[in-house]
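Tertiary structure, described
Now for the letters of each chain:
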Number of protein chains: 2
Amino acid sequence: MSIQEIAGGINSPKGFQAAGVLAGIKPGRTKPDMALVASRVPCAAAGVFTRNLVKAAPVLWDTECIEQGGTAQAVVINTGIANACTGSKGYADTVEMAALTAKELGIRREQVLVLSTGVIGKPLPMESIRRGIQELGRSLSRDPEAAHTAAEGILTTDTHAKEIALEFTIQGKPIRIAGMCKGSGMIHPNMGTMLGIITTDMMITRELMQESLKELTEETFNMVSVDGDTSTNDSLLLLANGQAENTLVSKRDSDFECFYEALKTVMTFLAKSIAADGEGATRLLEATVLRAGTKEDAKRLAKSIITSNLTKAAVFGTDANWGRILCAMGYSGAFFRPEQVEIRISSEKGSLVLVENGTATDYDEELATAILSPDKVTITADVQEGTETATAWGCDLTYEYVKINADYRS
Amino acid sequence: MSIQEIAGGINSPKGFQAAGVLAGIKPGRTKPDMALVASRVPCAAAGVFTRNLVKAAPVLWDTECIEQGGTAQAVVINTGIANACTGSKGYADTVEMAALTAKELGIRREQVLVLSTGVIGKPLPMESIRRGIQELGRSLSRDPEAAHTAAEGILTTDTHAKEIALEFTIQGKPIRIAGMCKGSGMIHPNMGTMLGIITTDMMITRELMQESLKELTEETFNMVSVDGDTSTNDSLLLLANGQAENTLVSKRDSDFECFYEALKTVMTFLAKSIAADGEGATRLLEATVLRAGTKEDAKRLAKSIITSNLTKAAVFGTDANWGRILCAMGYSGAFFRPEQVEIRISSEKGSLVLVENGTATDYDEELATAILSPDKVTITADVQEGTETATAWGCDLTYEYVKINADYRS
């Protein structure tokens, strides 16, 4: 199977359009703050959502739509205000967003999914939102620039848009799949902790879509942490409109495998983009655990490393403080024998074993600092207990993270 | 019962001596870096230790001593190097520290407990340690100044010594109990996450001591978090030498209650001191959860609030970002209904309800900022599910925390 990355964004798959506009939800913003993704025909829809007990209004609405109908034709998104902890008024606002978007597109409101992100607890400025939705309806386009504007219209503290488009072939027909997401703070493994939308023109059953999304979330978005905080709004949506006109894929055959691999590529790219663009981050931190006794242990260990504030601060300081790595593994709750652990750091500057059999090697501190300096750094911990492997993605902890979050609302 | 705070430190209870010296474990330090606490007679000894799978050598030694013998006569402590992840050489160094101290005091080495704190993975500079122990033996004293020097000799990045002494009366006899501790980074609920020593001249059974220490650790040290990292060296020791000459307390009677209350006062004071002196902290953050359905839920909720990086950064910025508080409660794993939560902030500057029935009240942002500005700030969350209450202590997340931890080793 061959999967090609192609230019373009969320509207690359056949039959999808996108738009982004500046509705003025928060004063002072100059980038777009609303986005719309729409298909010309109804799509099979799947979704995974935050496990936080406190769920934003759009999460409640989308869950209902996907569980009851299983189809959707559009997604409308606003940034700036999360519409979380806003009570029945907040829910009514979400329904109104769906209804207004539906009116623009001439479809039923249950076919419109809604995503919101931003400050918790404030009411949406519905006047701006209403104008924004009208403008979004008028701006929908197949143009790649429109996709990029949409990808910008969902960002909060992210420093850049996150989008990807792929193409592969099944049954002699080209299939496209594309994704965009936002997420920079309040990012921690427990669902994706972000907003993400994936579109495809493949024809595939809703059941396979939902299964794939759930399985792959576990090893992509749920393996990312910026700060250990799981948000109230995390949502990842997958829409498939069938416009590639392949024969319906309804079981786990080789066609499905192509789709699964492409979906995994999209989700891994988006998840890593979120980690690399973590609030205030100067580098992407990747932790891979080798030879754990169970898959669960491998994941726990990898996540514990990238979540440790002390490890993250040490990476910011390019300090090969492997004691903190081993310490974070030790309190993860996973089983391993400290005395047989090997820890290695690597990057484009080289690779270095810091720990063998649980104690320090006689490594060169200067080389270690050099290896920790590039934009992307990998920590590999080999625990020699079994055969399971896992990778998690995070970022360093910086002054800038504190600055961003000490006065985010102002 | 009446418990009085008295001047003095760890050597206030009868028959205890203390000393602190500068042994030169890390270059450049001008404060003491070693301490010794010794009793003139053997003590009943109890201890609780880190649950991190990676345990420092002294933790292994102390656990053996306490489990096998149940008595101890001295505790020798070094800061600068944690003697963790140092293999069999590290363990041998710990045993040598015990043996050398025992020699100075003319007792068996199994009667000497050892505590180390500092950088993980480096070997102890045994030449300095040996000289330090000799000097400690010569410096032992009942003088309060010696207690203070000892309290300084166990600090790492702490900005000040943490010590307390209390007196109460049972059976007409004055009983004293005193404590000192260190802990500033790598502090998170799962045992105490620090080094702590408590001495008393009361005569009480080892069983009651161990039970009390364990129970009270759950609601004091285990309710503290600075950064979510559970260390490899956390240890809390309790030594009782019986020199007050009361009749042995061996059951949970009214005499025991006095002891329990005094021990709780000491442990609460020390735990809060650690939170307030969290690395880079500018203020103590106290979170109290009211009316949770179960004790476990109350504790989870309180801990989740003080552990959230986003809440901690908001407190640093004196930003009443209650959405982050409710969000942290939501991902804690505890049950509550967001729509019936009340959240209040208070300090010496006043008290303000931010959230009622899960949504924002129309509160005054300026007043909220004023309330969040003093050294100590309390967040109270009333979940109205049951009758259980818990309090946790933490601190704000600051630039300084990142700075301290980006180059701790250098």
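Here's the deal with the overall build of chain A
- Summing up its helical and strand segments, chain A has 11 helices and 15 strands in all.
- Taken over C-alpha atoms, the radius of gyration comes to 22 Å for chain A, in line with the 22 Å a tight globule of 410 residues would show.
- Reported as C-alpha extents along the three principal axes, the dimensions of chain A are approximately 70 × 55 × 35 Å.
- Evaluated residue by residue, chain A yields a buried proportion of 63% over its 410 residues.
- Accessible area for chain A stands at about 14100 Å²; split by element, carbon and sulfur atoms hold 48% of it.
- Placing the 40 positive and 52 negative side-chain charges of chain A at their respective mean positions leaves the two points 5 Å apart.

A word on the pairing of strand E2 (residues 16-21) of chain A
All names here are of chain A.
- By the criterion of burial, E2 is predominantly enclosed, with five of the six residues buried.
- Bridge analysis of E2 against strand E3 (residues 34-49) gives six bridges, and the strand direction is antiparallel. Looking at E3, one finds that alanine 19 is bridged to leucine 36.

Observations regarding the relation of the copies chain A and chain B
- The transform that puts chain A on chain B rotates by 180° and translates by 0.0 Å along the axis, for an RMSD of 0.0 Å. The superposition operator between the copies reduces to a two-fold rotation axis. Closest approach to the rotation axis within chain A is made by the C-alpha atom of tyrosine 399 of chain A, at a distance of 2.5 Å.
- Both copies share a contact surface, since 100% of the interface residues of chain A are interface residues in chain B too.

Side note on the packing of helix H1 (residues 57-68) of chain B against helix H2 (residues 87-105) of chain B
Residues and elements named next belong to chain B.
- Across the interface, H1 lies against H2 with an axial gap of 8 Å and an inter-helix angle of 55°. By the angle between their axes, H1 is oblique relative to H2. Once H1 is placed against H2, the crossing between them reads as right-handed. Between H1 and H2, the residues in contact are Ala57, Pro58, Leu60, Trp61 and Glu64 and Gly90, Tyr91, Thr94, Val95 and Ala98, respectively.
- When grouped by side-chain class, the residues that make up the contact of H1 with H2 number seven nonpolar, two polar and one charged.

With respect to the sheet that holds strand E13 (residues 359-360) of chain A
Residue and element names in this part refer to chain A.
- An order of E13-E12-E11-E14-E10-E15 is seen for the six strands of this open sheet, with the pairing classed as mixed. Each edge of the open sheet is held by one strand with a lone partner, namely E13 and strand E15 (388-395).
- In terms of strand pairing, strand E10 (residues 284-292) meets strand E14 (residues 376-382) through seven bridges, oriented parallel. Among the inter-strand pairings, glutamate 286 is bridged to a residue of E14, identified as threonine 378.

A few points about the environment of glycine 132 of chain A
Residues and elements named next belong to chain A.
- Here glycine 132 lies in helix H3 (residues 126-139).
- For the pair glycine 132 and methionine 194, spaced 62 residues apart in the sequence, the C-alpha separation amounts to 22 Å.
- If we ignore the near neighbours within four places in the chain, the residues touching glycine 132 are Val21, Ala23 and Met34.

Side note on the sheet that holds strand E13 (residues 359-360) of chain B
Residues and elements named next belong to chain B.
- Pairing is mixed across the open sheet formed by six strands, whose spatial order is E13-E12-E11-E14-E10-E15. What marks the edges here is a single partner per strand, and that holds for E13 and strand E15 (388-395).
- Lying over the sheet, helix H6 (residues 254-276) contacts strand E10 (284-292), strand E14 (376-382) and E15, oriented at roughly 45° with respect to E15.

Side note on the environment of alanine 302 of chain B
Residues and elements named next belong to chain B.
- When you line up the elements, alanine 302 lands in helix H7 (residues 295-307).
- Residue alanine 302 is classed as buried on the basis of its relative accessible area, which comes to 0%.
- Sequence spacing of alanine 302 and glutamate 145 is 157 residues, and the spatial spacing of their C-alpha atoms is 37 Å.
- Those residues in contact with alanine 302, other than ones at most four positions away along the chain, are Met223, Ala287, Val289, Ala390, Thr391 and Ala392.

Side note on the domain arrangement of chain A
Residue and element names in this part refer to chain A.
- The domain boundaries assigned to chain A delineate domain 1 (4-276) and domain 2 (284-406).
- With centres defined by C-alpha atoms, the gap from domain 1 to domain 2 works out at 32 Å.
- In this assembly, 16 residues from domain 1 lie in contact with 17 residues from domain 2.
- Taken as a group, Met223, Ser225 and Lys272 account for 43% of the area that domain 1 buries against domain 2, more than any other trio of residues on that side.
- Here domain 1 and domain 2 share two salt bridges between them.
- Taking the shortest distance from any N to any O, the salt bridge between lysine 272 and glutamate 286 comes out at 3.8 Å.
- Linking domain 1 with domain 2 are three residue pairs in polar contact (both at pLDDT 80 or more), by the criterion used here.

Structural notes on the nonpolar core
- Counting residues in hydrophobic clusters, the biggest one holds 133 residues, and the most contacted among them are Met329 of chain A together with Met34 of chain B.
- Take this core: its biggest share by element is 12 residues, from helix H6 (residues 254-276) of chain A.
- Residue contacts for methionine 329 of chain A: discarding those within four places in its chain leaves Leu301, Ser304, Ile305, Phe336, Val341, Ile343, Ala381 and Val383 of chain A.
- Residues Ala150 of chain A together with Val48, Met194 and Ile325 of chain B belong to the second largest nonpolar core, which totals 132 residues.

Comments concerning the packing of aromatic side chains
- The full count for this structure, using the stated rule, is four aromatic pairs over all chains.
- Judged by centre distance (6.2 Å) and plane angle (50°), the rings of phenylalanine 256 of chain B and phenylalanine 259 of chain B are tilted. Pair noted here: phenylalanine 256 of chain B and phenylalanine 259 of chain B are both in helix H6, with a separation of three residues, about one helical turn. The exposure classification of phenylalanine 256 of chain B matches that of phenylalanine 259 of chain B, with both residues buried.
- With a centroid separation of 5.5 Å and an interplanar angle of 40°, the aromatic rings of phenylalanine 256 of chain B and tyrosine 260 of chain B are classed as tilted. In this pair, phenylalanine 256 of chain B and tyrosine 260 of chain B are both assigned in helix H6, four residues apart and thus about one turn of the helix distant. Tyrosine 260 of chain B carries the same exposure label as phenylalanine 256 of chain B, and that label is buried.
- Three or more aromatic residues joined by ring pairs make a cluster, and in this case those are Phe256, Phe259 and Tyr260 of chain A.

Some points on the interface of chain A and chain B
- Opposite the 51 residues of chain A that make contact, chain B presents 51 residues.
- Buried surface at the junction of chain A and chain B, summed over both partners, amounts to about 4200 Å²; 61% is from carbon and sulfur atoms.
- Along the contact surface separating chain A from chain B lie six residue pairs in polar contact (both at pLDDT 80 or more).
- Elements that contribute at least two residues to the side of chain A that touches chain B include exactly helix H8 (309-316), helix H9 (322-330), E13 and helix H11 (399-406) of chain A.
- Each residue belonging to the side of chain A that touches chain B can be placed in one class, and the counts come to 26 nonpolar, 18 polar and seven charged.

Rules used throughout
- Residues numbered from 1 in each chain as written.
- Chains lettered and ligands numbered in written order.
- Predicted model: local features only at pLDDT ≥ 70, side-chain atom pairs only at ≥ 80, totals over all residues.
- Heavy atoms only, no water.
- Helix = DSSP H or I, 4+ residues; strand = E, 2+ residues; numbered from the N terminus.
- Rg over C-alpha atoms; globule rule 2.2 N^0.38 Å.
- Buried < 20%, exposed > 50% of the residue type's maximum accessible area, 1.4 Å probe, protein only.
- Areas by Shrake-Rupley, 256 points an atom, 1.4 Å probe, with all protein chains shown as cover.
- Lys, Arg positive; Asp, Glu negative; His and termini not counted.
- Charge placed at Lys NZ, Arg CZ, Asp CG, Glu CD.
- Pairing = 2+ DSSP bridges.
- Least-squares fit on C-alpha atoms with pLDDT ≥ 70 in both.
- Contact = heavy atoms within 4.5 Å.
- Axes fitted to C-alpha atoms, helices over the stretch in contact; angles between N-to-C directions.
- Parallel < 35°, antiparallel > 145°, perpendicular 65-115°, else oblique.
- Left-handed = near helix turned anticlockwise from the far one by under 90°.
- Nonpolar A, V, L, I, M, F, W, Y, C, P; charged D, E, K, R; others polar.
- Domains from an automatic or database assignment.
- Buried area = accessible area lost by both parts, 1.4 Å probe.
- Salt bridge = Lys/Arg side-chain N within 4 Å of Asp/Glu carboxyl O.
- Polar contact = N/O pair within 3.5 Å; in protein donor to acceptor, adjacent residues only side chain to side chain.
- Core = buried A, V, L, I, M, F, W, Y, C linked by side-chain atoms within 4.5 Å.
- Phe/Tyr/Trp six-rings, centres within 6.5 Å; stacked < 30°, edge-to-face > 60°.

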